[in-house]
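Geometric and topological summary
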Amino acid sequence: MKALVHVALKKTVLDPQGQTICRSLASLGYPGIQEVRQGKYFEIDLASPDPTTARETIERIAKEVLTNPVIEDFTYHLEGANS
């Protein structure tokens, strides 16, 4: 089973890198871009065939290792899990 984890700054946290990208896109001729938020992406292969255990494991890893819970949120999707 594979977990696809997306980590991004919370909407209330300033994203200077995203702002820089947004300004760069405008200067490169891409009008109409109102906001860019940048983040991180992880693919984690899990040996667990049990979706419940996999979800618990990924949530724990995301909260304890992949994110700073004060300023970041995460979402994930399990490939191969019968949702």
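Our subject is the structure listed above.
Okay, so let's go over this structure. (Residues numbered from 1 in each chain as written. Predicted model: local features only at pLDDT ≥ 70, side-chain atom pairs only at ≥ 80, totals over all residues. Heavy atoms only, no water.)

1. Digging into the pattern of salt bridges
Stated precisely, the cut-off is as follows: Should a side-chain nitrogen of Lys or Arg be within 4 Å of a carboxyl oxygen of Asp or Glu, the pair is scored as a salt bridge. Only runs of H or I of at least four residues qualify as helices and only runs of E of at least two qualify as strands under DSSP, and these elements are numbered from the N terminus. Think of it in three bands: residues with accessible area under 20% of the maximum for their type are buried, residues over 50% are exposed, and the middle band is partly exposed, with areas taken using a 1.4 Å probe on protein chains only.
According to the stated counting rule, one finds 3 salt bridges in the structure shown. When the shortest N-O distance is used, the salt bridge between Lys40 and Glu72 registers 3.3 Å. With Lys40 in strand β2 (residues 39-45) and Glu72 in strand β3 (residues 72-79), the pair connects residues that are 32 residues apart, well separated along the chain. In this structure, Arg60 engages Glu64 in a salt bridge whose closest nitrogen and oxygen atoms are separated by 3.2 Å. You can see Arg60 and its partner Glu64 sitting in helix α2 (residues 51-66), 4 residues apart, about one turn around the helix. Taking relative accessible area as the criterion, Glu64 reaches 55% and is therefore assigned exposed.

2. Considerations on the packing of aromatic side chains
Selection rule: In this analysis, rings of Phe, Tyr and Trp, with Trp reduced to its six-membered ring, are considered paired at centre separations within 6.5 Å, and the interplanar angle assigns stacked below 30 degrees, edge-to-face beyond 60, and tilted for intermediate values.
Enumeration over the complete set of coordinates arrives at 1 aromatic pair. Taking the centre distance of 6.3 Å and the plane angle of 25° together, the rings of Phe74 and Tyr76 count as stacked. For Phe74, a relative accessible area of 23% corresponds to the partly exposed category. For Tyr76, a relative accessible area of 24% puts it in the partly exposed group.

3. Quick word on the sheet that holds β2
Worth spelling out the cut-off: The pairing criterion is simple: DSSP has to find at least two bridges between the two strands. Axis definition: a line fitted to C-alpha atoms, over the contacting stretch in the case of helices. Angles run 0 to 180 degrees between N-to-C directions.
What the 3 strands build is an open sheet, ordered β2-β1-β3; its pairing is antiparallel. Edge positions in the sheet fall to β2 and β3, since each of these pairs with one other strand and no more. Adjacent strand axes in the sheet meet at a mean angle of 15° when their direction is disregarded. Note: strand β1 (residues 2-9) against β2, 7 bridges, orientation antiparallel.

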